[in-house]
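# Breakdown of the fold
The primary structure of each chain is shown beneath.
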Amino acid sequence: MNEEPEYPTPGGVERRSMTTEESATAGRRWWDGAADAYQFEHGDFLRDVGFVWSPEGVDEARARLLGDVAGARILEIGCGAGQCSRWLRDQGVGEVVAFDVSLRQLQHSRRIDEQTGLRVPTVQADVQRLPFADASFDVAFSAFGAFPFVPAAEAALAETARVLKPGGRFVFSVTHPIRWCFPDDPTEHGMTLRQSYFDRRAYVEEDEHGRALYAEHHHTVGDWIRGLVAAGLVVRDMVEPEWPEDNDQVWGGWGPVRGRVLPGTAIFVTTRP
Ligand SMILES: C[S@@+](CC[C@H](N)C(=O)[O-])C[C@H]1O[C@@H](n2cnc3c(N)ncnc32)[C@H](O)[C@@H]1O
């Protein structure tokens, strides 16, 4: 990629309700259209063979939230260009399968496979309907993949629990629920509460005809916990990473100014009994 690719430009931004179907259509189209710009902008921070959980820079090499993965069969949900799975492959884990709804993201994964010589097996799929058998993975994880982008988070969590073996582990990072009260602005201007924490309507970027181009869905802490418990999972930890002194990277609404006083990310660590 030599020339700087651009993100799709929205005509406006709304908080509104939307159907699962409208959200899924917008999501796939947006990620296909945005993948080049996303990888161009964030590729260095993510690293081709690197496992970063969040814009705070939480790195699995140190955090070890997945526990002992030696010999494990692992599923990555919403893998983008597969950087996390490629890191796991490099660590010599048993087997990794990664999936994403966006073909263009998976094409970037293939490009990096060729550049690094470390191949990540990928599947194009939607977290809401997984093409995997029951109880087929020891570990499932997602680093900001898929879960912020589905309205019916409960159903996606249940679908993930279905493919996890008893005794398996599921870890995922999402936008911290408190973040939806504030504008998508990581500076001092983003410090003023603008929206009710209890407003579950989606954040939607629309084109000039009011069609959704991009959507993110807000779930409260209680919604996530309830969804995990309903899926039969046990919550072991909820990590709220603090902004490290040495990270001056701004990523959308995440950055050092707001990051020092407000959490931007929640990482849920769960197991299936
Ligand atoms: C913010 S990226 C995170 C990916 C990767 N962990 C990274 O840090 O680049 C979110 C990814 O989730 C994928 N995604 C969104 N909705 C999805 C869905 N319903 N099912 C599967 N993947 C989805 C997007 O295509 C995108 O690649």
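What counts and what doesn't
- Every residue gets a number counted from 1 within its own chain, in the order that chain's sequence is written.
- Reporting of local features is limited, given that this is a predicted model, to residues whose pLDDT is at least 70; pairs of side-chain atoms are given and counted only at 80 or more, and all residues count toward the totals for whole chains, interfaces and linings.
- To decide whether a residue is near a molecule or strand, its C-beta atom is placed from the backbone and checked for lying within 6 Å of it.
- Each helix corresponds to a stretch of at least 4 residues labelled H or I by DSSP, and each strand to a stretch of at least 2 residues labelled E; elements are numbered beginning at the N terminus.
- Residues are grouped as follows: Ala, Val, Leu, Ile, Met, Phe, Trp, Tyr, Cys and Pro are nonpolar; Asp, Glu, Lys and Arg are charged; all remaining types, including Gly, are polar.
- UniProt positions are given in the numbering used here, feature names are shortened, and annotations may be inferred rather than shown by experiment.
- Two strands are counted as paired when DSSP detects at least two bridges linking them.
- The convention used is that axes are lines fitted to C-alpha atoms, helices contributing only their stretch in contact, and that angles between N-to-C directions extend from 0 to 180 degrees.
- It is the C-beta atoms, placed from the backbone, that decide contacts: two residues are in contact if theirs lie within 7 Å.

Per an unreviewed UniProt entry, the chain goes by the name Class I SAM-dependent methyltransferase and belongs to Nocardiopsis alba.

As a structural note, the neighbourhood of the ligand is formed by 19 residues, with W31, G78, G80, S102 and F149 the closest of them. Tallying contributions element by element places helix α1 (residues 20-46) first for the shell around the ligand, with three residues. A per-class count over the shell around the ligand returns 10 nonpolar, seven polar and two charged.

What follows deals with the UniProt feature "domain: Methyltransferase type" (unreviewed entry) in the chain. In this numbering, the UniProt entry assigns the feature "domain: Methyltransferase type" (unreviewed entry) to residues 75-172. When the span residues 75-172 is considered, its composition is 34% helix and 29% strand, and the gap between its end C-alpha atoms is 12 Å.

Strand order in the open sheet formed by three strands is β1-β7-β8, with antiparallel pairing between adjacent strands. Whereas interior strands pair on both sides, the edge strands pair on one side only; in this sheet they are β1 (12-16) and β8 (212-216). In this sheet, adjacent strand axes meet at a mean angle of 25° when their direction is disregarded. Those strands touched by α1 are β7 (202-206) and β8, and its axis lies near 105° from that of β8.

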